[in-house]
Each structure stands twice: as C-alpha cells, then as structure tokens.
Amino acid sequence: MHSKEHISHDEYQKTADWLMSQTKHRPQVAIICGSGLGMLADTLKCQDSFAYADIPGFPQSTVQGHAGQLVFGELKGKTCVCMQGRFHMYEGHSLCKEGVYAMVGGPNFETIAEARLLHRLGVDAVGMSTAPEVVVATHCGLRVFGLSLITNKVVKSYEDTESVNHEGVLEIGRLRSHTVQQLVTELIDRMEINNNDNINKSI
Ligand SMILES: O=P(O)(O)O[C@@H]1C[C@H](O)[C@@H](CO)O1
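- Under an unreviewed UniProt entry, the name given to the protein is purine-nucleoside phosphorylase, and the source organism is Neolamprologus brichardi.
- The record held by UniProt for the protein lists under Pathway (unreviewed entry) the comment "Purine metabolism; purine nucleoside salvage."
- The heading Sequence similarities (unreviewed entry) in the UniProt record of the protein holds the text "Belongs to the PNP/MTAP phosphorylase family."

Written as structure tokens, this is what we have:
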C-alpha cells in the first residue's frame, strides 16, 4: 500500500474511479462514523458496502470495534456514504497538510543546494513574489486570497537534466492563463463584499 504520508492525486482518482464503477450511488452527504455511530451505516437503504481492505489504495482501519467499511445508500431520501471506521493520527496518519509557500529574492532561480534546503524546511512551493504583498495587505487589515500558478518542478538533483528558466515559466503562464482568468472571475463573482469587520484589526 502507498505511504500514509503522501497520497497523490492520481491515487485518489484511481480509488474514486474504482468506487464509482462499483456503485450507482452518487452521494450528496458523507458521514464519518466514529466509535458509537457505526450502526448508522447499517440503517442505510439500498446498500452497497465495501470493506476497506477490498478498495484499491484505501487505508486500513486498525481500531478495535471499527468495521472498516465504506457503505453507500439512502438515508431520509438523501444519497449518503458512511465510513464505518475512521483514521487517526495515532494509527500513523498525518494531518491534512496545508501547503507552505516560500519566497526567494530572485531574479535567479534557486540553486540545487537552496532547493534542497527549502525542501528540508517543509516548503511545498517557491516563488519570487506574493509574500510582501500579503504582509502589507495583512498589516492594512485586508483579507487576502493568494493564488499561485505552479509552473515548474524545482530541480533538486545534480543529475537532473531539466532546468528552470523564465521562458518556460511564461509559456506555462500562457497555457494556463484562460483557466486562471476563469477562476479569478468566478471568485470575484461569488465574493461577498464586506467591510472586513470580522477580522482581527490588531495585526
Ligand atoms: O508573476 P511573477 O513575476 O511572480 O512570476 C515568476 C517569478 C519571476 O518573476 C519569474 C520567474 O520566471 O516569474
């Protein structure tokens, strides 16, 4: 089985595709049943149940009393999926990781030694901007939504023949510009304009 520390998007997708091919249910509600709530899953109508052990790429439940099943079905007319047994940090699972963005001064791209250092520090993405604007905006009491387009893999190995350059960064920027534009337009469309009263002004 894959490492509990890192599950790639492709692995998630494979698991989801497998499940979707095994059941006609398309859940509107997902319920994680911890100790004491597992019986709820037994009340679902038109059930399709899958033992975690039979689901490709799915973690295994190790806690006593957890059935370790994913149960799809209907509850009060809503299509649901219940996890009969959940996962805990004490079983070796990590927290859902937030990404860490680090800013380097530029204009040169980081050296391999610098890239390795950033990686060891827990950095997930590196850029040459964004941090100063966020610091100033936060200082002014503005709420901030940061969005970075990841254009390239950072080179961390001396054997790697790939290299990063500005032309490559611009090329990916061009390729993705439509999608990014759509995303920002949609965000603006859905944004509720308010007076920022709910944020901590003492920052
Ligand atoms: O939009 P920016 O300028 O942050 O994009 C990146 C960072 C450097 O300016 C440059 C590196 O190629 O692109």
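**Quick word on the pairing of strand β4 (residues 78-84)**
Reasoning step 1: Judged by how many residues are buried, β4 sits mostly within the fold: six of seven residues are covered.
Reasoning step 2: Sheet topology places strand β1 (residues 29-33) next to β4; five bridges connect them, and they run parallel. Counterpart to I32 in the pairing with β4 is M83.
Reasoning step 3: Where strand β3 (residues 69-75) and β4 come together, seven bridges link them in antiparallel fashion. Along β4, the bridge assignment pairs Q69 with Q84.
Reasoning step 4: The loop that links β3 with its antiparallel partner β4 comprises two residues; one of these, K76, has a positive phi angle of about 50 degrees.

**What to know about the nonpolar core**
Reasoning step 1: In terms of nonpolar packing, the biggest core is built from nine residues, these being L19, F50, Y52, I55, F58, L70, F72, V81 and M83.
Reasoning step 2: Leaving out residues up to four positions away in the same chain, F50 has contacts with W18, L19, Q22, T23, I55, G68, Q69, L70 and F72.
Reasoning step 3: Residues I31, C33, C80 and C82 belong to the second largest nonpolar core, which totals seven residues.

**A word on the environment of M39**
Reasoning step 1: Position of M39 among the secondary structure elements: in helix α2 (residues 38-42).
Reasoning step 2: In this structure, the C-alpha to C-alpha distance between M39 and Q84, residues 45 residues apart in sequence, is 8.1 Å.

**Description of the packing of aromatic side chains**
Reasoning step 1: Tallied over the entire structure, the rule returns five aromatic pairs.
Reasoning step 2: Relative to F72, the ring of F50 lies with its centre 5.8 Å away and its plane at 80 degrees, an arrangement referred to as edge-to-face. Here F72 lies in strand β3 and F50 lies in strand β2 (residues 45-51), a separation of 22 residues in the sequence.
Reasoning step 3: Judged by its relative accessible area of 11%, F50 falls in the buried class.
Reasoning step 4: The exposure class of F72 is buried, given its relative accessible area of 3%.
Reasoning step 5: A centroid spacing of 4.9 Å and a plane angle of 45 degrees characterise the contact between Y52 and F58, whose relative ring orientation is tilted. Comparing Y52 with F58 shows no difference in burial state: the two are buried.

**Let's talk about the site of the ligand**
Reasoning step 1: Taken together, the neighbourhood of the ligand is formed by F109, M128, S129, H166 and V169.
Reasoning step 2: Taking S129, its side chain carries an N or O atom lying 3.1 Å from an oxygen atom of the ligand.
Reasoning step 3: Separating an oxygen atom of the ligand from a side-chain N or O atom of H166 is a distance of 2.5 Å.
Reasoning step 4: Protein burial of the ligand: of its 330 Å² of free accessible surface, 54% is covered by the chains.
Reasoning step 5: In this structure the site holding the ligand corresponds to the second largest pocket.
Reasoning step 6: When its residues are assigned to classes, the shell around the ligand shows three nonpolar, two polar and no charged.

**Quick word on the sheet that holds β4**
Reasoning step 1: Pairing is mixed across the open sheet formed by four strands, whose spatial order is β1-β4-β3-β2. Where the open sheet ends on each side, the last strands, each with one partner, are β1 and β2. Taken over all neighbouring pairs, the strand axes of this sheet differ in orientation by 20 degrees on average, direction set aside.
Reasoning step 2: Each of β2 and β3 is contacted by helix α1 (residues 9-22), which is oriented at about 140 degrees to β2, the strand it contacts most.

Definitions and limits used
Residues numbered from 1 in each chain as written. Predicted model: local features only at pLDDT ≥ 70, side-chain atom pairs only at ≥ 80, totals over all residues. Heavy atoms only, no water. UniProt positions renumbered as here; feature names shortened; annotations may be inferred. Buried < 20%, exposed > 50% of the residue type's maximum accessible area, 1.4 Å probe, protein only. Helix = DSSP H or I, 4+ residues; strand = E, 2+ residues; numbered from the N terminus. Pairing = 2+ DSSP bridges. Core = buried A, V, L, I, M, F, W, Y, C linked by side-chain atoms within 4.5 Å. Contact = heavy atoms within 4.5 Å. Phe/Tyr/Trp six-rings, centres within 6.5 Å; stacked < 30°, edge-to-face > 60°. Near = heavy atom within 4 Å. Polar contact = N/O pair within 3.5 Å; in protein donor to acceptor, adjacent residues only side chain to side chain. Areas by Shrake-Rupley, 256 points an atom, 1.4 Å probe, with all protein chains shown as cover. 1 Å grid on protein atoms, 1.4 Å probe; cavity = no way out; pocket = protein on both sides within 12 Å on 5 of 7 lines; lining within 4 Å. Sits in = over half its atoms within 2 Å of the grid points. Nonpolar A, V, L, I, M, F, W, Y, C, P; charged D, E, K, R; others polar. Axes fitted to C-alpha atoms, helices over the stretch in contact; angles between N-to-C directions.

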